[in-house]
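What the coordinates show
The lines below spell out each chain.
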Amino acid sequence: MTADKIKKLVAKMTLEEKAAMCSGADFWHTEAVERLGIPASMVSDGPHGLRKQDQEADHLGVNDSIKAVCFPAGCGTAASFNRELITEMGETLGNECQAEGISVVLGPAVNIKRSPLCGRNFEYYSEDPLVASEMACALIKGVQSKNVGTSIKHFLANNQETRRLSSDSRVDERTLHEIYLAAFEGAVKKAKPWTVMCSYNKINGTYAAQNRKYLTETLREQWGFEGYVMSDWGAVNNRVEDLKAGLDLEMPSSLGTNDKLIAGAVLSGELDESVLDEAVEHILNIVFRYEEHRDTKAVFDKEKDHETARRIAEETIVLLKNDGVLPLSDGQKTAFIGQYAEYPRYQGGGSSHINSFKVTSALEAAADMPNVVYARGFDDTKDCTDEKLLAEAVETARSAQAAVIFAGLPERYESEGFDRPNMAMPAYQNELIEKIAAVQPNTVVVLHNGSPVEMPWADKVKGIVEAYLGGQAVGAAVCDILFGRVNPSAKLPETFPIKLEDNPSYLSYLGEGDVVEYREGIFVGYRYYDKKQMDVRFPFGHGLSYTTFEYSDLTVDKEQMKDTDTLRVSVKVTNTGSMTGKEVVQLYVADKESTVIRPVKELRDFAKIELRPGETKTVAFTLDKRAFAYYSVKIHDWHVETGDFDILIGRSSRDIVLTKTVKIESTVKLPVVYTTDTTLGDVRKDPRAWKIVQDALPKYFHKDEKEEKSAAESEAFTEEMNAASMEFTPLRAPVSFGGEVSMADIQAIVDKLNALEE
Ligand code: BGC
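Parameters at a glance
- Residues numbered from 1 in each chain as written.
- Predicted model: local features only at pLDDT ≥ 70, side-chain atom pairs only at ≥ 80, totals over all residues.
- Heavy atoms only, no water.
- Pairing = 2+ DSSP bridges.
- Helix = DSSP H or I, 4+ residues; strand = E, 2+ residues; numbered from the N terminus.
- Axes fitted to C-alpha atoms, helices over the stretch in contact; angles between N-to-C directions.
- Domains from an automatic or database assignment.
- Core = buried A, V, L, I, M, F, W, Y, C linked by side-chain atoms within 4.5 Å.
- Buried < 20%, exposed > 50% of the residue type's maximum accessible area, 1.4 Å probe, protein only.
- Salt bridge = Lys/Arg side-chain N within 4 Å of Asp/Glu carboxyl O.
- Polar contact = N/O pair within 3.5 Å; in protein donor to acceptor, adjacent residues only side chain to side chain.

**A closer look at the sheet that holds strand β14 (residues 402-408)**
Here 6 strands make up an open sheet; going across it, the order is β10-β16-β15-β14-β11-β13 and the pairing mixed. At either margin of the open sheet sits one strand with a lone partner, and together these are β10 (318-322) and β13 (372-375). Each adjacent strand pair in this sheet contributes to an overall mean axis angle of 20 degrees, direction not counted. When strand β15 (residues 443-448) meets strand β16 (residues 463-466), the two strands line up parallel, connected through 4 bridges.

**Brief notes about the domain arrangement of the chain**
Annotation of the chain at the domain level lists domain 1 (3-58 + 66-291), domain 2 (306-532), domain 3 (549-665) and domain 4 (680-755). Between domain 1 and domain 4, the C-alpha centre-to-centre distance is 57 Å.

**Quick look at the nonpolar core**
With 185 residues, the main nonpolar core has Phe155, Leu156, Leu284, Phe336, Phe406, Met455 and Leu482 as its most contacted residues. Grouped together as the second largest cluster of nonpolar side chains are 29 residues, Phe549, Tyr631, Trp638 and Val640 included.

**What to know about the pattern of salt bridges**
Scanning the model with the defined rule gives 64 salt bridges in all. A salt bridge links lysine 358 to glutamate 303; the nearest nitrogen and oxygen atoms lie 2.9 Å apart. With a gap of 55 residues between them, lysine 358 in the loop between β12 (355-356) and α14 (362-365) and glutamate 303 in helix α12 (residues 302-314) connect regions that are remote in the sequence. Judged by relative accessible area, glutamate 303 falls into the partly exposed class, the value being 43%. The closest approach of N and O atoms between glutamate 314 and arginine 310, which form a salt bridge, is 3.5 Å. Here arginine 310 and glutamate 314 lie together in helix α12, a separation of 4 residues that amounts to about one turn.

**Here we look at the sheet that holds strand β6 (residues 195-198)**
Strand order in the open sheet formed by 5 strands is β1-β3-β4-β6-β9, and the pairing between neighbours is parallel. Of all the strands in the sheet, just β1 (43-45) and β9 (228-231) have a single pairing partner and so form its edges. This sheet shows a mean twist of 30 degrees between the axes of neighbouring strands, independent of strand direction. Sheet topology places β1 next to strand β3 (residues 104-106); 3 bridges connect them, and they run parallel. Within the sheet, the bridge partner assigned to serine 44 lies in β3 and is valine 105.

**Some words on the side chain of asparagine 159**
Residue position: asparagine 159 is located in the loop between β4 (149-155) and β5 (168-170). Under the relative-accessibility criterion, asparagine 159 is labelled buried at 1%. Here isoleucine 112 takes part through its backbone oxygen, which lies 2.8 Å from a polar atom of the side chain of asparagine 159. Among the polar contacts listed, one links the side chain of asparagine 159 to the side chain of tyrosine 518, at a separation of 2.7 Å.

This is how it looks when you write it as structure tokens:
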């Protein structure tokens, strides 16, 4: 329906109908207005599968939803670094939605992994905003290509579960733009999600649902968002103010309470009816966009989608360590150890929980491999070592030629609603790994977890495979990797620190009461570990392969450019090993010298390519201003400083293989505001300004160096001024040191300096 028709429709609605449209009809539907032919529209959780609930609705996964297909969770899909693959996952989901009558799938969730402890990390993509936003883009494009909407969430700065309904994320402007907003920005601008879900928390004192700055100014006015903003379930606490701020749809239903408040506010003049009209237009636009593009032929083919889930899972498994033990040979006796070989952990708890129609465990996937033996090793329900299971497992491992331990985090450790208290795996699992490694030299650990864990045993095992939470087909995918039927190609979208205390948010994570200060600022994840030159267990971007890749011929199309130009970069990659494989080529940019505090380098693009043995491909990237910029709080905009930048190509953030330098010239001059406190060093940066000061105060600030030197020796210059080498001396210094100049004189000079900028 055209915007015009929607407007006309809204004009026909009564005040009560419009007010009612601004909250759900129930848990999962928008309101219908039968007399005007406005249908109810169903939304459903996900986004790594459908959680369509019919009856007994709840939003924390307590009650069962329809049988569906569970794809790898966000933690894993991000590790694929494969945009096309995630778009395919989106297309599959979109088709499922069409078949099930779902208009909007509630995801992707792009919140930054600020700490390894966040209970919902398994749903989230990355510690890096580019990865988060690119993966979201890919998923959104796929889903929406089927004429089904997405709801990118949880907007904004929702990085912990503790007190999630009341906590106040205090984040400075630059950090918000460079890290937390950036995760949403790229996806909103490029992939145009039909809806955005605001988070529960406050951002710098104002609830997300009531935050006009972000819901309207940033989202709509700056980023051009055109869909509707919905609340997270129960995130509304002042309906009228929220509506004014830009929150269109409250979910779930307020059972009529807030409808009355909205209508009352219009009648009393507190709320301009046009604000209500606009919100209703936003909602109806999407309702009809879906209704008018229903695919009545769509079929939810679960078996087919299970196979898609398996293919996706194969690209989400990261080979972290391999001392020659992998791939395993199916001719050797291999002991599968650990409960998760039989009952894989493949998804997290809460609102994204999928009711899988089937699950393939590694044991099932290896059912036709006579050389695979199994011992359960531990029992999560006991939460302590089961001596009998442990002893059996040790014996099974000892008598085999290799052991694969399926370990990780128990289900109860990772869920929406709470955070982990520490980064440790259960002690009974660590003990099992240590004991098996002591008797079996060829030990491999396969991890099932949605967020980094400490690995005190890392040096004692020969192989480590991060399977993340790989969805219902994870067992088959893990076996394909273990036995070399598939070449691992995933990379870590986050750093695995050695211990929790190394994490940059460690000192302030979870905050004090409701106040959560993001004190690490922009130094999230590798931005921090790199700057500190800190050892990590596994760096951001790390992931091994069964083949080898060589990089060559890094070229840039110009060595000098303006910040308004684009830079084309290309690099050749060759598969120098003997197995076909995929590689994630990572491009980082480093500002070599800056007047602001910046990370050592930042990921600015990546590409995933497949190469046969001996094959070479050229990968091309195009970088624009944003790749070189930081967010300047002086101009409230992105800014590039004139100077040299390194273009770094890496296999990981800690394995940079090629570098080229380009010189960039800024076309934007940052405003300079002079005060009596401005230092001479800063004044001297502008020769015109320096001349004004010299002319006005010749006795103090002489023109040439010789004079300056002799003046420094004269009594006019005190020793203190001398010691500060002028550089850090404020303009007002002569008032204190000379005695002949007044503050009014200095102010007059300052006024002249400021006039220079006008
Ligand atoms: C979660 C959202 C979810 C919604 C609906 C909320 O508790 O935070 O991610 O989409 O419930 O289930």
